[in-house]
Amino acid sequence: MPRLFGTNGVRGVVNRELTPEFVLRLSASAGHLLGREIAVGRDGRTSSDMLAKAAISGLLSVGCRVHDMGLLPTPTLQYAVKRLGLDGGIMITASHNPPEFNGVKVILGDGVEAPREVEERIEELYFRGGPPLKPWGEVGSVEGFNPIGIYIDGILSHVDLEAIRKRRFRIVLDPGNGVAALTAPELARRLGCEVYTINADIDGAFPGRGSEPRPENLGDLSRLVEAVDADLGVAFDGDGDRAIFVDERGIVHWGDRSFALVAWDYLRRHPGEAIATPVSSSKMIEEIACKAGGSVVWTRVGSIVVSRTMLERGINLGGEENGGIFYGPHQPVRDGGMTMALILDILAREGRTLSELLGELPRYVQRKERIPCPNELKQRVLEALRERVEAERIETIDGVKLWFEDGSWILIRPSGTEPIYRIYAEAETESRLNRMVEEHKRLLEELIEEAKAS
Ligand code: MG
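Because the structure is predicted, anything quoted here is derived from the model rather than measured.

Describing the overall build of the protein chain
Part 1 of the argument: Scanning the protein chain from N- to C-terminus turns up 15 helices and 21 strands.
Part 2 of the argument: Rg of the C-alpha trace for the protein chain: 22 Å, near the compact-globule value of 22 Å for 454 residues, within the 12% margin.
Part 3 of the argument: In terms of overall dimensions, the protein chain has C-alpha extents of about 70 × 65 × 40 Å along its principal axes.
Part 4 of the argument: Considering only residue pairs separated by 6 or more positions, the protein chain has 69% of its internal contacts joining residues 24 or more positions apart.
Part 5 of the argument: Taken as a whole, the protein chain presents about 17900 Å² of accessible surface, with 47% of it coming from carbon and sulfur.
Part 6 of the argument: Positive and negative side-chain charges in the protein chain, numbering 56 and 69 respectively, have mean positions lying 1 Å apart.

Digging into the sheet that holds strand E11 (residues 252–253)
Part 1 of the argument: Spatially, five strands are ordered E8-E7-E9-E10-E11 in an open sheet, and the strand pairing comes out mixed. Edge positions in the open sheet fall to strand E8 (194–197) and E11, since each of these has one partner strand only.
Part 2 of the argument: For strand E9 (residues 232–236) and strand E10 (residues 243–246), the ladder comprises four bridges, and the chain directions are antiparallel. Paired with Gly 233 across the strands is Val 246, a residue of E10.
Part 3 of the argument: Where helix H12 (residues 336–350) meets the sheet, it contacts strand E7 (170–174), E9 and E10, and its direction lies at approximately 165° from that of E9.

Focus on the sheet that holds strand E16 (residues 331–334)
Part 1 of the argument: Taken together, five strands build an open sheet; the order of strands is E13-E12-E14-E15-E16 and the sheet is mixed. If you trace the sheet from one side to the other, it starts and ends with strand E13 (295–299) and E16, each paired once. Sheet twist, expressed as the mean angle between neighbouring strand axes with direction ignored, is 20°.
Part 2 of the argument: Pairing analysis gives three bridges linking strand E14 (residues 317–319) to strand E15 (residues 325–327), with the strands arranged antiparallel. By the bridge assignment, Gly 319 is partnered in E15 with Ile 325.

Notes on the packing of helix H1 (residues 20–34) against helix H2 (residues 48–61)
Part 1 of the argument: Direction vectors running N to C along H1 and H2 enclose 40°, while the axes themselves pass 7 Å from each other. Considered as vectors, H1 and H2 are oriented oblique to each other. Remark: the crossing between H1 and H2 carries right-handed chirality. Touching Pro 20, Val 23, Leu 24, Ser 27, Ala 28 and Gly 31 of H1 are Met 50, Leu 51, Ala 54, Ala 55, Ser 57, Gly 58, Leu 59 and Ser 61, all from H2.
Part 2 of the argument: Residue composition of the contact of H1 with H2, by class: nine nonpolar, five polar and no charged.

Overview of the pattern of salt bridges
Part 1 of the argument: For the structure shown, the criterion picks out 44 salt bridges.
Part 2 of the argument: The partner of Glu 37 in a salt bridge is Arg 36, with the nearest N and O atoms 3.5 Å apart.
Part 3 of the argument: If you follow the salt bridges from partner to partner, you end up with Asp 265, Arg 268, Arg 269, Asp 345, Arg 349, Glu 350, Arg 352 and Glu 360 in one network.

Description of the coordination of the magnesium ion
Part 1 of the argument: The coordination sphere of the magnesium ion contains the protein donors Ser 95 (OG), Asp 237 (OD), Asp 239 (OD) and Asp 241 (OD), at a distance range of 2.0 to 2.2 Å.
Part 2 of the argument: When its relative accessible area of 2% is taken as the criterion, Asp 241 is described as buried.

Here we look at the domain arrangement of the protein chain
Part 1 of the argument: According to the domain assignment, the protein chain consists of domain 1 (10–146), domain 2 (151–359) and domain 3 (365–453).
Part 2 of the argument: On a C-alpha basis, the centroid separation for the pair domain 1 and domain 3 is 36 Å.

A look at the packing of helix H3 (residues 74–83) against helix H5 (residues 148–156)
Part 1 of the argument: It is the contact of H3 with H5, at a shortest axis distance of 9 Å, that shows an interaxial angle of 90°. Judged by the inter-axis angle, H3 sits roughly perpendicular to H5. Every residue of H5 that contacts H3 at Pro 75, Thr 76, Tyr 79 and Arg 83 is listed here: Ile 148, Ile 150, Tyr 151 and Gly 154.
Part 2 of the argument: For the contact of H3 with H5, the residue count by class is five nonpolar, two polar and one charged.

Reading guide: rules and limits
- Residues numbered from 1 in each chain as written.
- Predicted model: local features only at pLDDT ≥ 70, side-chain atom pairs only at ≥ 80, totals over all residues.
- Heavy atoms only, no water.
- Helix = DSSP H or I, 4+ residues; strand = E, 2+ residues; numbered from the N terminus.
- Rg over C-alpha atoms; globule rule 2.2 N^0.38 Å.
- Contact = heavy atoms within 4.5 Å.
- Areas by Shrake-Rupley, 256 points an atom, 1.4 Å probe, with all protein chains shown as cover.
- Lys, Arg positive; Asp, Glu negative; His and termini not counted.
- Charge placed at Lys NZ, Arg CZ, Asp CG, Glu CD.
- Pairing = 2+ DSSP bridges.
- Axes fitted to C-alpha atoms, helices over the stretch in contact; angles between N-to-C directions.
- Parallel < 35°, antiparallel > 145°, perpendicular 65-115°, else oblique.
- Left-handed = near helix turned anticlockwise from the far one by under 90°.
- Nonpolar A, V, L, I, M, F, W, Y, C, P; charged D, E, K, R; others polar.
- Salt bridge = Lys/Arg side-chain N within 4 Å of Asp/Glu carboxyl O.
- Donors = N, O, S within 2.8 Å, 3.2 Å for Na, K, Ca; no water.
- Buried < 20%, exposed > 50% of the residue type's maximum accessible area, 1.4 Å probe, protein only.
- Domains from an automatic or database assignment.

Written out as structure tokens, the structure is:
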């Protein structure tokens, strides 16, 4: 049976893979399995309204009562599903992907994305032609509900509101023309901040800096932070579940550094606990956890795996190197708004600047690469790779991760969404890093060529 779901829901190009007919049958299949009370939300893409209406039609055709939540960040919908005790949710979003893409995320009643087993049941029903439709008298109904207020209240309940308000932080927010524009400025104001925004009009073409925050496209945010003499800047991805921080000097810090700061603060206050993170994250996380007497549970790459691991093992904090932080006491999913509030909470309690706090973390050099590899060869290449590599310690949680004696590491893994292999590497010096990456890149390319030839 072909698969519809990738590592992060269903993604595709609009009106090519992702047509209204497709979304309608997929949503009907999901609604049939999830239950009666279903939330539907959408991001600000040009096609999201069309696809959300298809999702609603599909859900109504199988008798669901739809709570139409309109435009909102993904974590806001997830919070609402759990908080209101609904049976599930459907979010129309392609997160940080380019504007021609869109996607469908299926959320269970616990507010977390559906695990693989549920996706398989939805796929099976979809490929059988969809669920039976209800007779006319049992078709579902729709009501509107805007959960942004309860979502912001939920975040505020997890931080020291008075301490943060007293500091009167000056903050610059960059939602990147995405739906975080609906929540982040309001949240920052309620935290007593003086708020400046950039790219804060929702626009599905993402004309500002694109929908994915990257160090190279946050120049305007950096300059604005410096120009208004702000304490920090925050950039969100297209659906508001990830946040990237800029310090008061205008320097962009990648997500594993902000995660390490949150982990340091959390473990200091909850000694001995574990934190969950994918094998692609910096070893800085493990160092910080060990120092605080805590531990790290390494997972496969993908936010759903981190969330589900947290739930299964009772872990309260998770994070990804891309700026996704999962704060269990609020909800065990990535949440850009919660992440912003956690960082402000740390700044308020510490009374130091963001650059000072981040400057105390260990520093390593990192490199990432993408190597093209046809999907059908990925598995064979991976098997060959496992036989050919040598290292001090080899982990196979996801792809192959090699640890060397000097503490450097390299992870080589097939992408779950694209016909490529991804390489992630970290070392103490540039020269060591580059040597390690070049050597393994050559080996990988060689194995791909061999697989193509055989
Ligand atoms: Mg996202």
